[in-house]
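Observations on the three-dimensional arrangement
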Amino acid sequence: MTTPARKPAPNGDPAAYRDALVARAQAIFDDLNFGEARRWKEAEPGRKVVGYLPIYVPRELIHAANALPLGIVGGGDAIEVIHGDAYYQSYICRIPRSTIELGVSGRLDFVDGMLFPSICDVIRNLSGMWKIMFPHVYSRYFDVPQNYEDAVGGNYYIAELAELREDLERVTGTKITDEALNNSIAVYNENRRLVRDLYALRAKVPWKAPAPEIFLILRAGLVLPVEEHSEMLRGYIAAAEAAEDRSLRDNSRVVLSGMFCEQPPLNLIKSLELAGCYVVDDDLLLVTRWLIDDVPTDGDPLANLAAAFLHHSESTSSKYEPDQAEKGKYLIAAVKRSGADGVIFAAPSFCDPALLERPMLQNVLRDADIPFIAFKYAENSGQMQPIREQAGTFSDAIKLWSGA
Amino acid sequence: MTQPTARPSPAKPPIAEAEKDASMLKQKAMMAAHYDRLADAPETGAKVCSTFVPGNLNELVMCFDLINNLPEVNAIQSGLRRKSGAYVLEAEKQGHSDDVCTYVKSDIGMMAKGNIGPNGRKMPDPDVLLLSYTGCFTFLKWFELLREQYKCPTIMLHTPYQGDGKITPNMVQYMVRQLKESVIPKLEEVSGVKFDIDRLREYLKKSAEAEDDLVAVLKSARHKPSPIDAFFGGIYYIGPIFGAFRGTDDAIQYYQFLRSEVEERIAKGEGPVTPEGPMQDQRYRLVVEGPPNYTSFRQFWKMFYDEGAVVVASSYSKVGGTYDFGFRHDPDRPLETLAEYCLGVYTNRSLPMRVDMLCDYIEEYEADGLLINSIKSCNSFSAGQLLIMREVERRTGKPAAFIETDLVDPRYFSPANVKNRLESYFQMVEQKRSGTRRKEVAA
Amino acid sequence: MRTYVGIDLGSTTTKAVLLDDDANVLGRGITNSRSNYDTACRVAGEEARIDARFTLFRRKLATGDQTPAEVDAFLEALERAFRLEQFLEQLGDLEETCLSKIEGEQFAEDAGGVREVVAEVFRQLRDEAPALYAPGASRKSDFFRDLAGSRYLAISEDVARDAKVPYNLVVNIYDKSIIAVENRPPSGRLSEKFRRALDRVLAEGHGVGGVDVVAAVEDALAIELEETGQVGTGYGRVTLPFPKENIRSEILCHGLGAHLMYPRTRTVLDIGGQDTKGIQIDENGIVENFQMNDRCAAGCGRYLGYIADEMNMGLHELGPMAMQSDKPARINSTCTVFAGAELRDRLALGEKRTDIIAGLHRAIILRAMSIISRSGGITDEFTFTGGVAKNEAAVRELRKLVKENYGDVTINIDPDSIYTGALGAAEFARRSAHGIAAPSDVLPEGGQIDDDMMGEMA
């Protein structure tokens, strides 16, 4: 197990503090045994950890049960998948394999529950596989409504949340009161505000807050307790903004799309920036900012969470868009919001949601005269040359085009 | 060396006309009439509703005088007619990934190439897309893609997944609310026909009648020899009821006819009719999980026929409803029954439920083992099948085998490979069987 | 005596194994599969019978009190002499065939000259032949085409130049002839060749103390090898001219073959050129479960071949090179198509060639581990077969991963594992002739088989 990088303290030099925070986030990212979460659990008897897969789960419920929500997004490019591959054909994406590898290899042996959100059929089926393979771990397929009427999808979702709440009470042995839940909502509102600030900072000064760092800081939020992560976010935002050691380069500005589930290797994100693209928005780790406004912290918390989900949440391929006129507009909004020049579609190989959505998004971009390119990756892609090549060409083309 | 007995080099006989039984011919006529109804729609003014086989609400669709069009069935037809390969390529040319479902790509490619149906006539544009989102994520994107093309009203009916292996009251209420507040009003709007719940009840009653006969047919595979093939033959048996005929008198007649045909075979001790002829010599009884391949359907079936393998139960014949577990459309609870129907289809069942089902089939139908045909296109089926295989083997002690093909993409059907694995599997079954017998003797 | 032949028709080589009634291996033969399966099958069978003769010679010679080393030395000399006889015979066939091809328009100018050149080339080839089979001489291959071909081309270049005959004409004649000769196994009677070989070794002064070797060899030659049963397997098995009931899948044969070699085997891994198989067998060699690589051929032996081509190296050089590394690079792609690109990318990044090659070995073994895991994991003992089992770097990674994932497991690797499938096939033939569908050791002592069961098993 990797030794934890010490929690850094601000010391007057913003660049050094920023780098120390990133180093800590990197150490958390590199630790395939989730040492931070293990230590949190061991610190007090009776503590519970509940894992969740991408895209979104209401972490507030887990938090309100005094448990630690642990984001699990596969094994990346550092894990050797031996048993995980035994469960999947070659035409299925990587994330379920490495997730099973994490489970079978004992790296998740401290996790008391697992939530599998409705992303696609692969993750959906993984929920049942988990029940068979790890019968002593609580696991649940977390279905969300595809109908956005309060009286229809809303009521269904409230009842689903209520079931989840009961389950979590059972798993953690802690009663989840409305008061605790409202408090947790407030804590997460704060965290989401900070993530939005972080994204705004990057869109404003991408050379100061480069995409690989943003990714690492967000990834730390999947493992750290939310309060600690908020502190990290605050520290990073202030330090990165204040540090004067980096200067603007002649890069193009792009939005990444298609990375909402299986994560790209860190090297891929680095390669994009090396190739001359500032990533100014993306759909990585959507759980950190799925709800786009503060959720009210008074009243019925489940109803508030449901309303937020139905009416104030991000869009992505796994969500049905009832209005054809709105289809794909979320991507245009991201481009506008971040002042991007173009879009890079980077989807995991065999990712149904990303790949089926892509032609529709491309049509929308074409109509809006926004340039784009597309390629595929796997969480363990080792080969970055073609990606650097494509991204570099795209960036040059954008610059020529916008300069003309 | 004694000269090995030379096998006569087979002078390639012309491919014999596929043998069909009377029920197949009857179904063919029904399908032809249906496709003509669709092709005639622009002239007759009939409105067309496209929807999916799992979660197909044919009774409801008929309440609004809409003709039910099933893009999945169209893709199957394209596969059987060997047109799907070109359609898939066409869709990929348009920018669809080679990684994704070939049903979708066959459908999109077919549209791009003039949307000519199996009867050689142009298929009508749909007036409404009923997105019955049941047991398959791709459905959601498929109809978003079609909506982009046809710009027609699109109605979402979301079927929650049985993640915990049960249907909860919340799920049923959610679906009934969707039907009442969204699906029915929108169908009224599109069709101009007022919803009449008694008309729905009438159709549901008819559905249940045909369903009884279907179940009797499926259960007939308990006989030895089995009078049916529940996978290849099963495709035919489920055709009308999973398609546009459930709730009609046509379906009732078809299933009565089919049932009597099967009962006659039982009485005579006959096996099913396959394209190569009746299958009398049944050496292996199999349960099959997963859909078939349609581009080489007959060749695939022949590989089973040649080995004397008959399929006694299959999961694919439950994608449009799991009637054999007792579900019947219930006219007394019309909307609830539609919800429960959608919730119960095979691909909406959790993995542990699927394992239970397959183990039960092996026992109930006294099968020799499980064969999984893993389909590249269909993650709903395929993701987790290797664990299903392992579990079924562990629980039943019966051997399982795994082959990989695709629904309608001919590039993914490698006959030599499939045959090699099938042969290895059958020989393994045979060897184990004789081993077991010897052990019994020894004991 | 009664013998049982198993033929394994692989994609690159065809193997044959001959068993006697007690399941002892009498002989083994191998040949390249060529395009002609019938011939490959016949040649491999012939080779196995030749090998069987040597086994019989040994049995006859080993009756006295002579040392095994003495017998070994004699048999080795006899084999070299026999191979020489065989080579000369095929050379004669090749010459005759070549000469018969000298006709038609293109030779109109100087058919006689070409004829002389060809005759001279063969004279020289024949003169060289004994050196090829001299004690300690190394031959780059045992296949006639490889041995005769390169020398023919080299010698004829000089001879043709001197005789002012166009070289391409002479090459052309060879090209037209070699396939025909190769597909026509030596026609002379084996016994005659053995006798001529024996004369040669006796003339050279070889012998076995106190044994009448002529009588022993004649005794052995007098034993008729009756082919009681034959079973075919392997990728090309459907093309074998056997009745269907004499054909078994390579999975079953592999399982049974591994069981015969190592009776305690429960898990078999075979990595061949085109596929990788994980097989679970029970205590009787019966296959319980198997998995093969899926549609994608990632991680098969061919992957290493492709890498060798990419690196412009010989396949056999890869393993030793990988052994020089103690920290294999992490290679994630076992896709044959991507591997080349990944390789170049990493070399460009300055990674060590040895580490990359070691990483590639690890990658294919990781893939194999998944296939094993899919088939049910590893149960002691574990037998590794196929061409890749000869690669020490692959074996090193396999041992590591087996230990990490399954603990202490006995790992069996037989240098002759290439014959595993053929051995299993031969055993199927033997069992079928003995009326046992399942292994005999399942039967209790003196066990009886029900008559009606016999019917079912037949």
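Values in this document were obtained by computation on a predicted structure and should not be read as measured data. (Residues numbered from 1 in each chain as written. Chains lettered and ligands numbered in written order. Predicted model: local features only at pLDDT ≥ 70, side-chain atom pairs only at ≥ 80, totals over all residues. Heavy atoms only, no water.)

**Concerning the overall build of chain B**
Quick reminder of the rule: Helical segments are the DSSP runs of H or I of at least four residues, strand segments are the runs of E of at least two, and each set is numbered from the N terminus. In this treatment the radius of gyration is a C-alpha quantity, and the globule benchmark scales as 2.2 Å times the residue count to the 0.38 power. To sort residues, take the accessible area from a 1.4 Å probe on protein chains only and compare it with the maximum for the residue type: under 20% means buried, over 50% means exposed, and anything in between is partly exposed. All accessibility values rest on the Shrake-Rupley procedure with a 1.4 Å probe; residue burial counts only the protein chains present in the view. By the counting scheme adopted, Arg and Lys are positive, Glu and Asp are negative, and His together with the chain ends is not counted. For the purpose of locating charges, the reference atoms are NZ of Lys, CZ of Arg, CG of Asp and CD of Glu.
Within chain B, the regular secondary structure consists of 16 helices and ten strands. On C-alpha atoms alone, chain B measures out to a radius of gyration of 22 Å, which is about the 22 Å that the 2.2 N^0.38 rule sets for 443 residues. The principal-axis extent of the C-alpha atoms belonging to chain B is close to 80 × 45 × 40 Å. The buried share of chain B, reckoned over its 443 residues, is 66%. When the accessible area of chain B is evaluated, it comes to approximately 15,100 Å², of which 51% is carbon and sulfur surface. Considering chain B, the positive charge centre built from 56 side chains and the negative charge centre built from 60 side chains are found 4 Å apart.

**Regarding the overall build of chain A**
We apply this condition: Between two residues, a contact is recorded if the distance between any of their heavy atoms is within 4.5 Å.
Each helix and strand counted, chain A has 14 helices and eight strands in total. Here the C-alpha atoms of chain A give a radius of gyration of 20 Å, agreeing with the 22 Å that 2.2 N^0.38 yields for 404 residues. Taking the principal axes of the C-alpha coordinates as reference, chain A spans close to 65 × 50 × 50 Å. Counting over 404 residues, chain A shows a buried share of 66%. Partitioning the contacts of chain A with sequence separation of at least 6, the portion at a separation of at least 24 is 74%. Of the accessible surface of chain A, which amounts to about 13,600 Å², a share of 51% is contributed by carbon and sulfur atoms. In chain A, the 42 positive side-chain charges and the 56 negative ones have mean positions that sit 3 Å from each other.

**Focus: the sheet that holds strand E4 (residues 154-158) of chain B**
Residue and element names in this part refer to chain B. What counts here: For two strands to count as paired, DSSP must find a minimum of two bridges between them. Convention adopted: a line fitted to C-alpha atoms gives each axis, helices being fitted over their contacting stretch, and angles between N-to-C directions are expressed from 0 to 180 degrees.
Read from one edge of the open sheet, four strands run E2-E1-E3-E4, paired in parallel fashion. Of all strands in the sheet, those with a lone pairing partner are strand E2 (66-69) and E4, marking the two edges. Between one strand axis and the next, the sheet turns by 25° as a mean value, whatever way the strands run. Of the pairings in the sheet, the one linking strand E3 (residues 128-133) to E4 comprises five bridges and is parallel in character. Considered in E4, the bridge of Ser132 is made with Leu157. Relative to E2, helix H1 (residues 22-44) is tilted by about 120°, and along the sheet it contacts strand E1 (47-50) and E2.

**Describing unusual backbone geometry**
Outside of glycine, negative phi angles account for most residues, and trans bonds account for most peptide bonds. Between Pro54(A) and the following residue, Ile55(A), the backbone shows a cis peptide bond with an omega angle of 0°. With an omega dihedral of -5°, the bond running from Asp380(C) to Glu381(C) counts as a cis peptide bond. Look at Phe350(A): it is not a glycine, yet its phi comes out positive at around 65°. When you line up the elements, Phe350(A) lands in the loop between strand E7 (342-348) and helix H13 (352-367).

**Brief notes about the interface of chain B and chain A**
How big an interface is tends to be stated in terms of accessible area lost as the parts join. We apply this condition: One speaks of a salt bridge when a side-chain nitrogen belonging to Lys or Arg is within 4 Å of a carboxyl oxygen belonging to Asp or Glu. Contacts described as polar in this section are N or O atom pairs within 3.5 Å, which, within protein, must combine one atom able to donate a hydrogen with one able to accept it, while residues neighboring in sequence count only if both atoms come from side chains.
Taken together, the contact pairs 51 residues of chain B with 55 residues of chain A. Arg140(A) is the salt-bridge partner of Asp164(B), the closest N and O atoms lying 3.6 Å from each other. Here chain B and chain A share 30 residue pairs in polar contact (both at pLDDT 80 or more) between them. For the side of chain B that touches chain A, the element with the highest residue contribution is helix H6 (residues 137-150) of chain B, accounting for eight residues.

**Thoughts on the domain arrangement of chain A**
Residues and elements named next belong to chain A. Short version of the rule: By convention here, the domain bounds are inherited from an automatic or database domain assignment. Summed over both partners, the accessible area (1.4 Å probe) lost when two parts come together is defined as the buried area. Residue polarity is assigned by list, with Asp, Glu, Lys and Arg as charged and Ala, Val, Leu, Ile, Met, Phe, Trp, Tyr, Cys and Pro as nonpolar; anything else, Gly included, falls into the polar class.
The domain architecture assigned to chain A consists of domain 1 (32-176) and domain 2 (251-289 + 312-404). A separation of 26 Å is found between the C-alpha centroids of domain 1 and domain 2. Listed by partner, the interface residues are 24 residues for domain 1 and 20 residues for domain 2. Summed over both sides, the interface between domain 1 and domain 2 buries roughly 1,800 Å², with carbon and sulfur atoms accounting for 61% of that surface. Our enumeration of links across domain 1 and domain 2 arrives at eleven residue pairs in polar contact (both at pLDDT 80 or more). Looking at side-chain class alone, the side of domain 1 that touches domain 2 contains 14 nonpolar, seven polar and three charged residues.

**What to know about the packing of helix H7 (residues 178-204) of chain A against helix H9 (residues 226-242) of chain A**
Residue and element names in this part refer to chain A. Operational definition: Reported orientations rely on four angle classes, namely roughly parallel under 35 degrees, roughly antiparallel over 145, roughly perpendicular from 65 to 115, and oblique for the rest. In a left-handed crossing the near helix is turned counterclockwise from the far helix by less than a right angle, and in a right-handed crossing that turn is clockwise.
Taken N-terminus to C-terminus, the directions of H7 and H9 make an angle of 25°; their axes are 9 Å apart at the nearest point. Classified by the interaxial angle, the pair formed by H7 and H9 is roughly parallel. The chirality of how H7 crosses H9 is left-handed. For the pair formed by H7 and H9, the contact residues are Val187, Tyr188, Glu190, Asn191, Leu194, Val195, Asp197, Leu198, Leu201 and Lys204 on the first element and Val226, Glu227, His229, Ser230, Leu233, Arg234, Tyr236, Ile237, Ala240 and Glu241 on the second. Its residues assigned to classes, the contact of H7 with H9 comprises eleven nonpolar, three polar and six charged.

**Observations regarding the nonpolar core**
Note the following rule: Take the buried Ala, Val, Leu, Ile, Met, Phe, Trp, Tyr and Cys residues and link them wherever side-chain atoms come within 4.5 Å; each set so joined is a nonpolar core.
Counting 315 residues, the largest nonpolar core has Ile344(A), Leu60(B), Tyr103(B) and Phe304(B) as its most contacted members. In contact with Ile344(A), not counting residues within four places along its chain, are Val254(A), Val255(A), Leu256(A), Ser257(A), Leu272(A), Cys277(A), Ile373(A), Phe375(A), Ala391(A) and Phe394(A). Leu26(C), Cys41(C), Ala52(C) and Leu240(C) belong to the second-largest nonpolar core, a separate cluster that totals 39 residues.

**Focus on the packing of H7(A) against helix H8 (residues 211-223) of chain A**
All names here are of chain A. Relative to each other, H7 and H8 sit at 175°, their axes nearing to 11 Å. By the angle class used here, H7 and H8 are roughly antiparallel. From H7, Val195, Leu198, Tyr199 and Arg202 reach across to H8, where they touch Ala211, Ile214, Ile217 and Leu218. Looking at the contact of H7 with H8 residue by residue, the class counts come to seven nonpolar, no polar and one charged.

**Some thoughts on a positive patch on the surface**
Residue and element names in this part refer to chain B. Operational definition: Within this analysis, patches are made of residues with over 30% relative accessible area and no salt bridge. Like charges are joined at 9 Å or less; nonpolar side chains (Val, Leu, Ile, Met, Phe, Trp, Tyr) at 5 Å or less.
A contiguous patch of positive charge, built from Lys20, Lys28, Arg81 and Lys83, is present on the exposed surface. Along the chain, the position of Lys20 falls in the segment before H1. Lys20 sits in the partly exposed class, given a relative accessible area of 37%.

**Considerations on the sheet that holds strand E7 (residues 287-292) of chain C**
All names here are of chain C. Read from one edge to the other, the open sheet built from five strands follows the order E7-E6-E5-E8-E9, with strand pairing classed as mixed. Across the chains shown, the open sheet's two edge strands, defined by having one partner strand only, are E7 and strand E9 (411-412). In terms of strand pairing, strand E5 (residues 267-271) meets strand E6 (residues 276-281) through five bridges, oriented antiparallel. Paired with Val268 across the strands is Ile279, a residue of E6. With respect to the sheet, helix H8 (residues 250-261) is in contact with E5, E6, E7 and strand E8 (382-385), its orientation differing from that of E6 by roughly 60°. The strands touched by helix H13 (residues 392-406) within the sheet are E5, E8 and E9, with E8 carrying the most contacts at an inclination of about 155°.

**Notes on the pairing of E8(C)**
Residue and element names in this part refer to chain C. To keep things clear, this is the line we draw: When the strands point away from the viewer, a crossover counts as right-handed if the path from the first strand over the helix to the second runs clockwise.
Side-chain alternation along E8 places Phe382 and Phe384 on one buried face and Thr383 and Thr385 on a second face that is also buried. The sheet contact formed by E8 and E9 spans two bridges and is parallel. What sits directly across from Phe382, in E9, is Ile411. Read from E8 through H13 to E9, the crossover connection turns out right-handed.

**Thoughts on the side chain of Ser98(A)**
Residue and element names in this part refer to chain A. Summarising the element assignment, Ser98 is placed in helix H4 (residues 95-104). For Ser98, a relative accessible area of 0% gives the class buried. Each residue touching Ser98, except ones within four places of it in the same chain, is listed here: Gly74, Gly75, Ile79, Val81 and Glu379.

**A short note on the packing of aromatic side chains**
Quick reminder of the rule: To pair, rings of Phe, Tyr and Trp, with the six-membered ring standing in for Trp, must have centres within 6.5 Å; the planes then decide the type, stacked if under 30 degrees apart, edge-to-face if over 60, and tilted in the middle. Whether a charge sits over a ring comes down to the Lys NZ or Arg CZ being within 6 Å of the ring centre and within 35 degrees of the ring normal.
Throughout the structure, instances matching the rule amount to 47 aromatic pairs over all chains. Members of the aromatic cluster, each reached through a chain of ring pairs, are Phe231(B), Phe232(B), Tyr284(B), Tyr294(B), Phe297(B), Phe300(B), Trp301(B), Phe304(B), Phe413(B), Tyr425(B) and Phe426(B). In this structure, Arg47(A) packs its charged tip against the face of Trp40(A), placed 4.3 Å from the ring centre. We note Arg248(C) situated over the ring of Phe428(C); from NZ or CZ to the ring centre the distance is 5.0 Å.

**Things to note about helix H10 (residues 266-274) of chain A**
Here H10(A) has its buried residues at Leu266(A), Leu268(A), Ile269(A), Ser271(A), Leu272(A) and Glu273(A). Where H10(A) terminates, the next one or two residues include Gly276(A), which has phi positive at roughly 105°.

**Examining the side chain of Thr172(A)**
Residues and elements named next belong to chain A. Looking at where Thr172 falls in the secondary structure, it is placed in helix H6 (residues 150-172). With relative accessibility at 10%, the residue Thr172 sits in the buried group. A polar contact of 2.7 Å, which involves the side chain of Thr172, links it to the backbone oxygen of Leu168. A polar contact of 3.2 Å, which involves the side chain of Thr172, links it to the backbone nitrogen of Thr174. Each residue touching Thr172, except ones within four places of it in the same chain, is listed here: Lys48, Ala65 and Ala67.

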